[in-house]
Amino acid sequence: MESAPLRAALRSKKTRPLRVFAVSNQKGGVGKTTTTINLGAALAAVGRRVLLVDLDPQGNASTGLGVERRQRETNAYHLLSGRASLEEAAQATAAENLWVVPANSDLAGLDLEISDSPRRAHLLREALRGPEGTPAGEGPADQRFDYVLIDSPPSLNLLTINAMTAADGVIVPLQCEFFALEGLSQLLDTIDRVKKTLNRALAVQGVALTMYDRRNSLSAQVAADVREYLGGVVYETSIPRNVRLSEAPSHGKPALLYDRACAGSQAYLRLAEEVLRRERDPVTA
């Protein structure tokens, strides 16, 4: 159960309209969870109130934020199944302004449990925004957070569909490797189908190039190809391969808390500023 200070913080007023982003790519190993954790920490570091929803049954984002398995008795499964409210499921992290709804293997069986529900694609949206018909700005997350980042599973299943149905936009991490564009068209098709059938407001907020190695000519070539193919939707900031980024999760910390000066932390701060510029939400903190 959350602490009294957390309850007070969650209930305090905030003025920015809520924005929800699904961080998604059906390929594994592209830096999706790393991006969710560190972009969330970077947005929090510049004064935004951020909730990270771990929607991957592996629970890696929860681990990377220092939430131990025994601390996940109330988690994303309970939130989506209606067994817990957002206030009950959200936990404070070691980073100021950053909360997380953790995940564990309970989520793996949710697909079957909700498969017959007519609202099965809307469970996360309703948990964040309130039931259909709730006035804009008055849902649970609207009152408490500026940004929600959803760490989607590396597959196109009902959890991913829930993430996209709840989201205003999708952030796509794309690794600078030979097969970078493999499967991207399928992901974009899925986004388009969700937009047409479930969430007309959904858009691609941006594509983040990850695991960029400036010593490797292949990384530069892949980055050039992706930018030529996708144009301005690709963020200017590339996230480098960085040992400190890889080490931070084992300490249960975002890289910004583990080593703020490292190249990875600085890259995610720049990416956060770029996200805010696209949102016309300038950095003032």
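Since the structure is predicted, the reported quantities are computational estimates derived from the model, not experimental observations.

Rules used throughout
- Residues numbered from 1 in each chain as written.
- Predicted model: local features only at pLDDT ≥ 70, side-chain atom pairs only at ≥ 80, totals over all residues.
- Heavy atoms only, no water.
- Helix = DSSP H or I, 4+ residues; strand = E, 2+ residues; numbered from the N terminus.
- Rg over C-alpha atoms; globule rule 2.2 N^0.38 Å.
- Contact = heavy atoms within 4.5 Å.
- Areas by Shrake-Rupley, 256 points an atom, 1.4 Å probe, with all protein chains shown as cover.
- Lys, Arg positive; Asp, Glu negative; His and termini not counted.
- Charge placed at Lys NZ, Arg CZ, Asp CG, Glu CD.
- Polar contact = N/O pair within 3.5 Å; in protein donor to acceptor, adjacent residues only side chain to side chain.
- pLDDT = per-residue confidence, 0-100.
- Axes fitted to C-alpha atoms, helices over the stretch in contact; angles between N-to-C directions.
- Parallel < 35°, antiparallel > 145°, perpendicular 65-115°, else oblique.
- Left-handed = near helix turned anticlockwise from the far one by under 90°.

### Focus: the overall build of the protein chain
Phase 1 of the analysis: For the protein chain, the helix and strand inventory stands at 13 helices and eight strands.
Phase 2 of the analysis: On C-alpha atoms alone, the protein chain measures out to a radius of gyration of 18 Å, which is about the 19 Å that the 2.2 N^0.38 rule sets for 285 residues.
Phase 3 of the analysis: Expressed along its principal axes, the backbone C-alpha trace of the protein chain runs to roughly 50 × 40 × 35 Å.
Phase 4 of the analysis: For the protein chain, restricting intrachain contacts to residue pairs at least 6 apart in sequence, the fraction spanning at least 24 positions comes to 77%.
Phase 5 of the analysis: Carbon together with sulfur atoms contributes 49% to the accessible area of the protein chain, which is approximately 12700 Å² in total.
Phase 6 of the analysis: Within the protein chain, one finds 34 positive and 33 negative side-chain charges whose respective centroids are separated by 4 Å.

### Describing the side chain of Arg144
Phase 1 of the analysis: Checked against the element boundaries, Arg144 lands in the loop between helix 7 (123-129) and strand 5 (147-151).
Phase 2 of the analysis: Side-chain polar atoms of Arg144 contact the backbone oxygen of Pro140, separated by 3.3 Å.

### With respect to the confidence of the model for the protein chain
Low pLDDT marks regions whose predicted coordinates should not be analysed in detail.
Phase 1 of the analysis: Per-residue confidence for the protein chain averages 91 on the pLDDT scale, and 93% of its residues sit at or above 70.
Phase 2 of the analysis: Confidence drops under a pLDDT of 50 for residues 1-10, and excluding neighbours within four residues, the segment shows 18 contacts in the predicted structure.

### Description of the packing of helix 8 (residues 158-166) against helix 9 (residues 184-197)
Phase 1 of the analysis: Two numbers describe how helix 8 lies on helix 9: the axes approach to 10 Å, and their chain directions differ by 55 degrees. Overall, the two elements helix 8 and helix 9 adopt an arrangement that is oblique. The crossing of helix 8 and helix 9 is right-handed. In contact with Ile161, Met164 and Thr165 of helix 8, helix 9 contributes Leu187, Thr190, Ile191 and Val194.

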